[in-house]
Amino acid sequence: DGVMTLNIEVLERLLDLTGPIELKDYDLTLDAKNFRDEIQYEVEIAYDKKLNRPKKVLADFTPIFIEKLLAVSKEKNKELAEIFIKMLEEKYIMFYFTDERLQKFFSGQGWSGEIHETSTDFLSVVHSNIGGYKTDKHMEDSVNYNAEIKDDGSMIGNLVIKRKHNVGDSKYWWYNRKNIDYVKIYAPKGAEI
């Protein structure tokens with residue numbers, strides 16, 4: 001048993017490869033440029049309130065998308081592999097397995113999302129949008145970290161995190177909301193903050 005998580009950026013990149021996906025029941029054509037907005041609109045606004053299954057559109061989209069992706073993969077397998085490798089390297093796709101051998105393999109590749117022990121300096125900044133509303137699409141982030149090694153061998157690091165919300169007048173109300181972000185900063189054990 002295992003779990004694969006992937007970020008919406010992966011779907012958008014894959015939609016670049018497959019081309020548009022038509023959902024006739026919704027009178028909707030999804031592509032890499034409109035996927036996030038249209039799916040969020042369907043989930044937040046346009047779903048059948050009596051049926052009360054706001055994410056049904058995703059259940060209807062998935063088999064069509066997979067079928068088209070499999071068809072395209074025969075012609076564009078090199079491009080597909082490049083997308084997956086890039087998304088794995090950038091941590092947009094991660095895996096977890098209950099089978100220890102599989103987990104060890106994926107962990108060894110750096111595809112499990114865990115932070116490995118190291119004898120060198122490291123820093124990890126993790127953002128969690130706890131307010132929802134998909135405002136991350138319009139956030140501009142920068143992380144700047146500088147380390148200075150002193151004469152006595154100690155090190156002083158300086159971390160500057162900047163975030164800017166670049167919307168407020170979107171036609172989609174969920175993008176105009178506040179971006180409530182829980183930021184976790186991981187540093188080596190024993191580091192003094």
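Given the structure is predicted, the values throughout are model-derived calculations rather than measurements. (Residues numbered from 1 in each chain as written. Predicted model: local features only at pLDDT ≥ 70, side-chain atom pairs only at ≥ 80, totals over all residues. Heavy atoms only, no water.)

Engineer: What exactly am I supposed to notice about the overall build of the protein here?
Structural biologist: Of the regular secondary structure elements, the protein holds 5 helices and 8 strands. For the protein, the sequential pattern of α-helices and β-strands runs β-α-β-β-α-α-α-β-α-β-β-β-β. Taking 193 residues into account, the globule formula puts the C-alpha radius of gyration at 16 Å, and the protein, at 21 Å, lies well above it. Along the three orthogonal principal directions, the C-alpha set of the protein runs to about 70 × 45 × 30 Å. (Helix = DSSP H or I, 4+ residues; strand = E, 2+ residues; numbered from the N terminus. Rg over C-alpha atoms; globule rule 2.2 N^0.38 Å.)

Engineer: Would you explain the packing of helix α1 (residues 8-18) against helix α3 (residues 56-75) in this entry?
Structural biologist: How two helices pack is summed up by the angle between their axes together with the distance between the axes. Here α1 crosses α3 at 55 degrees, and the two axes come no closer than 10 Å. When the interaxial angle is binned, α1 and α3 end up oblique. α1 and α3 meet at a crossing whose hand is left-handed. Residues Leu11, Leu14, Leu15, Leu17 and Thr18 of α1 form the contact with α3, whose own contacting residues are Phe61, Phe65, Lys68, Leu69 and Val72. (Axes fitted to C-alpha atoms, helices over the stretch in contact; angles between N-to-C directions. Parallel < 35°, antiparallel > 145°, perpendicular 65-115°, else oblique. Left-handed = near helix turned anticlockwise from the far one by under 90°. Contact = heavy atoms within 4.5 Å.)

Engineer: For this particular structure, what's the right way to read unusual backbone geometry?
Structural biologist: Most peptide bonds take the trans form, and the phi angle of most residues other than glycine is negative. Even without being glycine, Asp27 reaches a positive phi, approximately 50 degrees. Locating Asp27 in the fold gives a position in the loop between β2 (21-23) and β3 (28-30). Phi at Asn52 is positive, roughly 55 degrees, even though this residue is not glycine. Here Asn52 is to be found in the loop between α2 (35-46) and α3.

Engineer: Got a minute to help me understand the pairing of strand β7 (residues 155-165) in this structure?
Structural biologist: Along any regular strand, the residues point their side chains to alternate faces of the sheet. With 11 bridges connecting them, strand β6 (residues 139-149) and β7 associate as antiparallel partners. Note that in β7 the partner of Val143 across the bridge is Ile161. Taking the residues between adjacent antiparallel strands as the criterion, β6 and β7 are bridged by 5 residues, where Gly153 takes a positive phi near 90 degrees. (Pairing = 2+ DSSP bridges.)

Engineer: Quick question: what am I supposed to make of a nonpolar patch on the surface here?
Structural biologist: Taken together, Val143, Ile161, Val183 and Ile185 make up a surface patch of nonpolar side chains, about 280 Å² in accessible area. In this structure, Val183 sits in strand β8 (residues 181-186). Of the residues examined, Val183 reaches a relative accessible area of 32% and is grouped as partly exposed. (Patch = residues over 30% accessible without salt bridge, like charges linked within 9 Å, V, L, I, M, F, W, Y side chains within 5 Å. Areas by Shrake-Rupley, 256 points an atom, 1.4 Å probe, with all protein chains shown as cover. Salt bridge = Lys/Arg side-chain N within 4 Å of Asp/Glu carboxyl O. Buried < 20%, exposed > 50% of the residue type's maximum accessible area, 1.4 Å probe, protein only.)

Engineer: How should I be thinking about the packing of aromatic side chains in this particular structure?
Structural biologist: We describe a pair of aromatic rings using the distance from one ring centre to the other and the angle between the two ring planes. Enumeration according to the criterion identifies 12 aromatic pairs in this entry. Each ring, one from Phe95 and one from Phe106, has its centre 4.7 Å from the other, and the planes form 50 degrees; the classification is tilted. Taken together, the residues Phe95 in strand β4 (residues 93-97) and Phe106 in helix α5 (residues 100-108) connect sequence positions 11 residues apart. Here Phe95 matches Phe106 in class, with each residue buried. Their ring planes at 25 degrees and their centres at 5.2 Å tell us that Tyr172 and Trp174 sit as a pair that is stacked. The exposure class of Trp174 is buried, given its relative accessible area of 1%. Here Lys49 stacks its cationic end above the ring of Tyr47, 4.1 Å away from the centre of that ring. (Phe/Tyr/Trp six-rings, centres within 6.5 Å; stacked < 30°, edge-to-face > 60°. Lys NZ or Arg CZ within 6 Å of the ring centre and 35° of its normal.)

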